[in-house]
Amino acid sequence: MTRISNAELERLFEQGLASPIHEDLFFEQLMNSMVYVHVPVSDDSKHVRLIQFQHPDGFEAIPVFTSARRAEKGRPKFVKTLQVPCVDLFSGTRGATLMLNPNDGGPVLYPEEIASLLDGRALEVFEKVPPSGESMDVRPAQCPPAALIETLRAGAALASFIKEIYVLEKRSTSGGTEEATLLVYMGVEGKHMDRGARHIVSRIQQMNPRLESIIDVAVFDADLRRPEFLDELRAEPINRH
């Protein structure tokens, strides 16, 4: 595959920001492009040391930029910009969290997602949906699919920051006749709540065969007191770390 220009990568990045349906093409081309990172101005190390910053959620992330212009914007004086092949950067930082164009609303890439890109797999579309405000009747799921339970347990086993998972079902209290929707409700370490949700959503979307039913995923901060409604429902987790 021919390496694309940074101008074209910039265009694809803006398209991906505008609509999640364009993200696949951006990430596909990203892996075959040159990107920019920050390194210390003065460094006696024989190895390249990348600058990290603390994300507002509390975890450390390596900023990555799709153009020199973005990398230079707001660059601290104690760092300089270095251009590197994206695939080499991702390979050399396995296990780290990266954030693309952090000053311009770019996405966070967690270690699991970087591993998928390096393996040639497309990232699943992940879109946050705000609560509808509709009153719902929630209860423990009566007969959740065994394949789903197995997938959730396997996913949690790979992510120590996921502390417990409940499989619930919800139905509108408006008196409609629609079927209940499955709700995967997870307790996740506070600074990894977004990562935990994306990890489990990805595992569910990769199920083969895929489940035909709609499954919602929600998280709560496992560092805080467990939501009282779980006690009221006498809900039992399918796993607990």
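Above this text you will find the structure in question.
Looking at this model, I keep getting lost on the sheet that holds strand E6 (residues 108-109). Mind explaining?
Picture the strands of a sheet paired through backbone hydrogen bonds; they go either parallel or antiparallel. The four strands lie next to each other as E2-E3-E5-E6, forming an open sheet whose pairing is mixed. Looking at which strands have only one partner, the edges of the open sheet turn out to be strand E2 (53-54) and E6. Relative to E6, strand E5 (residues 98-100) runs antiparallel, the two sharing two bridges. Its bridge partner lying in E6, Leu98 is registered against Leu109.

Which parts of the structure should I look at to understand the side chain of Asn101?
Assignment of secondary structure puts Asn101 in the loop between E5 and E6. Since its relative accessible area comes to 0%, Asn101 is described here as buried. Every residue in contact with Asn101, bar those within four places of it in the chain, is listed here: Glu10, Phe13, Val64, Phe65, Thr66, Arg70 and Gly106.

Quick question: what am I supposed to make of the packing of helix H6 (residues 146-157) against helix H7 (residues 193-205) here?
Between two packed helices, what matters for the description is the angle formed by their axes and the separation of those axes. Interhelical geometry of H6 versus H7 gives an angle of 140° and a closest axis separation of 10 Å. In this view, H6 runs oblique relative to H7, as classed from their interaxial angle. The chirality of how H6 crosses H7 is right-handed. Mapping the contact onto sequence places Leu148, Thr151, Leu152, Ala154, Gly155 and Ala156 in H6 and His199, Ile200, Arg203 and Ile204 in H7. Among the residues forming the contact of H6 with H7, the class breakdown is six nonpolar, three polar and one charged.

How do you make sense of the environment of Glu189 when you look at a structure like this?
Within the secondary structure, Glu189 is located in the loop between strand E9 (181-188) and H7. Along the sequence, Glu189 and Pro227 sit 38 residues apart, while their C-alpha atoms lie 14 Å from each other. Within the structure, Glu189 has its side chain in polar contact with the side chain of Lys163 (distance 3.4 Å).

Whenever I open this one, H7 confuses me. Can you help?
Structurally, the α-helix is built with 3.6 residues per turn, so residues lying three or four positions apart point the same way. For H7, built from 13 residues, the straight-helix expectation of 18 Å at 1.5 Å per residue is met to within 8% by its first-to-last C-alpha distance of 18 Å. Restricting attention to buried positions, one finds in H7 the residues Asp194, Arg195, Gly196, Ala197, Arg198, His199, Ile200, Val201 and Ile204. Check the buried side of H7 and you find it contacts E6, helix H5 (111-118), H6, strand E8 (162-172), E9 and strand E10 (215-221).

I keep staring at the packing of aromatic side chains and nothing clicks. Help me out?
Ring pairs (aromatic) are described by centroid distance and by the angle formed between their planes. Following the criterion strictly, the structure yields five aromatic pairs and no others. Here the aromatic cluster, defined as three or more aromatic residues joined through ring pairs, consists of Phe13, Phe26 and Phe27.

Sorry, what's going on with unusual backbone geometry here?
The general pattern is negative phi for most residues beyond glycine and trans for most peptide bonds. In the segment running from Asn208 into Pro209, the intervening peptide bond is cis, with an omega of 5°. When you line up the elements, Pro209 lands in the loop between H7 and E10. One non-glycine residue with positive phi stands out, namely Asn101, at about 45°. The backbone of Arg234 sits at a positive phi, close to 55°, despite the residue not being glycine. Inspection of the secondary structure assignment puts Arg234 in the loop between helix H8 (228-233) and strand E11 (239-240). A relative accessible area of 74% means that Arg234 is categorised as exposed.

Hey, could you run me through the pattern of salt bridges in this one?
It is possible for side chains bearing opposite charge to pair when their charged atoms get close. The full count for this structure, using the stated rule, is 16 salt bridges. A salt bridge links Arg139 to Asp137, with the nearest nitrogen and oxygen atoms 2.5 Å apart. With a closest N to O distance of 3.2 Å, Glu164 and Arg240 form a salt bridge. Of this pair, Glu164 sits in strand E8 while Arg240 sits in strand E11; the two residues are 76 residues apart in sequence, bridging distant segments of the chain. The buried category is assigned to Glu164, whose relative accessible area is 10%. Taking relative accessible area as the criterion, Arg240 reaches 55% and is therefore assigned exposed. It is possible to trace a salt-bridge network through shared partners that takes in Glu10, Glu14, Arg69, Arg70, Lys73 and Asp104.

Which parts of the structure should I look at to understand the pairing of strand E1 (residues 34-40)?
The side chains of a regular strand alternate between the sheet's two faces. Judged by how many residues are buried, E1 sits mostly within the fold: seven of seven residues are covered. Neither face of E1 is open: one carries Met34, Tyr36, His38 and Pro40, the other Val35, Val37 and Val39, and all of them are buried. Sheet topology note: the E1/strand E4 (residues 79-85) ladder contains seven bridges and is antiparallel. Paired with Val35 across the strands is Val84, a residue of E4.

Criteria and thresholds
Residues numbered from 1 in each chain as written. Predicted model: local features only at pLDDT ≥ 70, side-chain atom pairs only at ≥ 80, totals over all residues. Heavy atoms only, no water. Pairing = 2+ DSSP bridges. Helix = DSSP H or I, 4+ residues; strand = E, 2+ residues; numbered from the N terminus. Buried < 20%, exposed > 50% of the residue type's maximum accessible area, 1.4 Å probe, protein only. Contact = heavy atoms within 4.5 Å. Axes fitted to C-alpha atoms, helices over the stretch in contact; angles between N-to-C directions. Parallel < 35°, antiparallel > 145°, perpendicular 65-115°, else oblique. Left-handed = near helix turned anticlockwise from the far one by under 90°. Nonpolar A, V, L, I, M, F, W, Y, C, P; charged D, E, K, R; others polar. Polar contact = N/O pair within 3.5 Å; in protein donor to acceptor, adjacent residues only side chain to side chain. Expected span 1.5 Å × (residues − 1). Phe/Tyr/Trp six-rings, centres within 6.5 Å; stacked < 30°, edge-to-face > 60°. Salt bridge = Lys/Arg side-chain N within 4 Å of Asp/Glu carboxyl O.

Honestly, it's all geometry; don't read function into it.
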